[in-house]
Amino acid sequence: MTLLMVRHGQASFGKANYDELSERGHLQAYHLGLWLADHQHRFSHIRIGGMHRHKQTLDGIAKAYEERGLQLPQHDVDHGLNEFDHGSVFSAYMQQHADHPIVKAAATGETRATGAMVHAALLAWVDDRLGDLPETWHNFGMRARLAAERLHDVEGDETLVVSSGGLISRIAQAALDIPDQRAVDLNISLRNSALSEFHARDRQWRLGMWNALPHLHNAKDMWTYF
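Draft legend 1. Quick peek at the pattern of salt bridges. For the structure shown, the criterion picks out 10 salt bridges. A salt bridge links R129 to D127, with the shortest nitrogen-to-oxygen separation between them at 3.4 Å. Assessed through its relative accessible area of 43%, R129 is described here as partly exposed. Owing to a relative accessible area of 42%, D127 belongs among the partly exposed residues under this scheme.

Next comes the structure, spelled out in structure tokens:
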């Protein structure tokens, strides 16, 4: 069995409610749906996380399938596929390092500085240096592992999964058996609406493809990380 895992489209980074796709995020999801429909992806099952941006991303994919005269199967929701509470992680890091240059630069919304701050905050979370948070790095990894295990029980040849960058990265970490710091690198690298493919082997997931954007190959201005 194959999993085609999709990171949600661009959400509303920096807005009061992050858990809403931006206009660009809706377009990313729609173009992904067109590409999937046109390249003969006929999913036997669909599973998504419980966040609004996950459902909105699936809605964009479904809209494209409808326009092609195709119907997707009914989806189910697994809240284990939800993202970690990035707001608490980043806020804790920024409070601890309020005078750090990258924190000050990230506060202005500058993309490169934001990426550097996110990377530093995630590494601090890995090392348990951020104090009391809703979920530890270890517990987040356990949640991702259990969600991945439940996917082995889905029947069919190809399952579509819509989730978030951190969660998909933890599943990839287990598939590749790499250290926590490399999982952070995977998380940082994953673009909005990107495809990653996993194959089942002896009730383990093996990585077949990472971070692909075939639906946006002629639209690099649509490539986003945040």
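Continuing now.
Draft legend 2. The arrangement of the packing of aromatic side chains in detail. For the structure on display, the rule yields five aromatic pairs. Relative to W137, the ring of W125 lies with its centre 5.3 Å away and its plane at 85°, an arrangement referred to as edge-to-face. Here W125 is found in helix α5 (residues 111-126), whereas its partner W137 is found in helix α6 (residues 137-151), with 12 residues between them in sequence. Looking at W125, the relative accessible area reads 4%, which means it is buried. Chaining the aromatic ring pairs together yields one cluster made of F84, W125, W137 and F140. When the ring centre of Y30 is taken as origin, the NZ or CZ atom of K63, which lies over that ring, is 5.3 Å away. Taking the ring centre of W137 as reference, the NZ or CZ of R170 above it sits at 3.8 Å.

Draft legend 3. Layout of the environment of M1. Along the chain, M1 turns up in the segment before β1 (2-7). Residue classification places M1 among the partly exposed residues on the basis of a relative accessible area of 27%. In sequence terms M1 and F198 are 197 residues apart; their C-alpha atoms lie 8.6 Å from each other.

Draft legend 4. Examining the sheet that holds strand β2 (residues 45-48) more closely. Across the sheet, which stays open at both edges, the six strands sit in the order β3-β2-β4-β1-β5-β6 with mixed pairing between neighbours. With partners counted over all chains shown, the strands left at the sheet margins are β3 (75-77) and β6 (204-212), one partner each. The average undirected angle you get between the axes of adjacent strands in this sheet is 20°. Running at roughly 135° to strand β4 (residues 158-163), helix α2 (residues 52-67) makes contact with β1, β2, β3 and β4 of the sheet. Sheet contacts for helix α7 (residues 165-176): β1, β4, β5 (195-201) and β6; angle to β6, the most-contacted strand, approximately 130°.

Draft legend 5. Examining the pairing of β1 more closely. Of all the six residues making up β1, six are buried; the element is thus mostly covered by neighbouring parts of the structure. With burial as the criterion, each face of β1 is covered, one bearing T2, L4 and V6 and the other bearing L3, M5 and R7. One ladder, built from six bridges, connects β1 with β4; its direction is parallel. The residue bridging L3 from the neighbouring strand is T159, located in β4. Inspection of the sheet shows β1 paired to β5 by five bridges, in the antiparallel sense. Note on β5: the bridge partner recorded for T2 is H199.

What counts, and where the lines are drawn
Residues numbered from 1 in each chain as written. Predicted model: local features only at pLDDT ≥ 70, side-chain atom pairs only at ≥ 80, totals over all residues. Heavy atoms only, no water. Salt bridge = Lys/Arg side-chain N within 4 Å of Asp/Glu carboxyl O. Buried < 20%, exposed > 50% of the residue type's maximum accessible area, 1.4 Å probe, protein only. Phe/Tyr/Trp six-rings, centres within 6.5 Å; stacked < 30°, edge-to-face > 60°. Helix = DSSP H or I, 4+ residues; strand = E, 2+ residues; numbered from the N terminus. Lys NZ or Arg CZ within 6 Å of the ring centre and 35° of its normal. Pairing = 2+ DSSP bridges. Axes fitted to C-alpha atoms, helices over the stretch in contact; angles between N-to-C directions. Contact = heavy atoms within 4.5 Å.

Nothing here speaks to function; it is geometry throughout.
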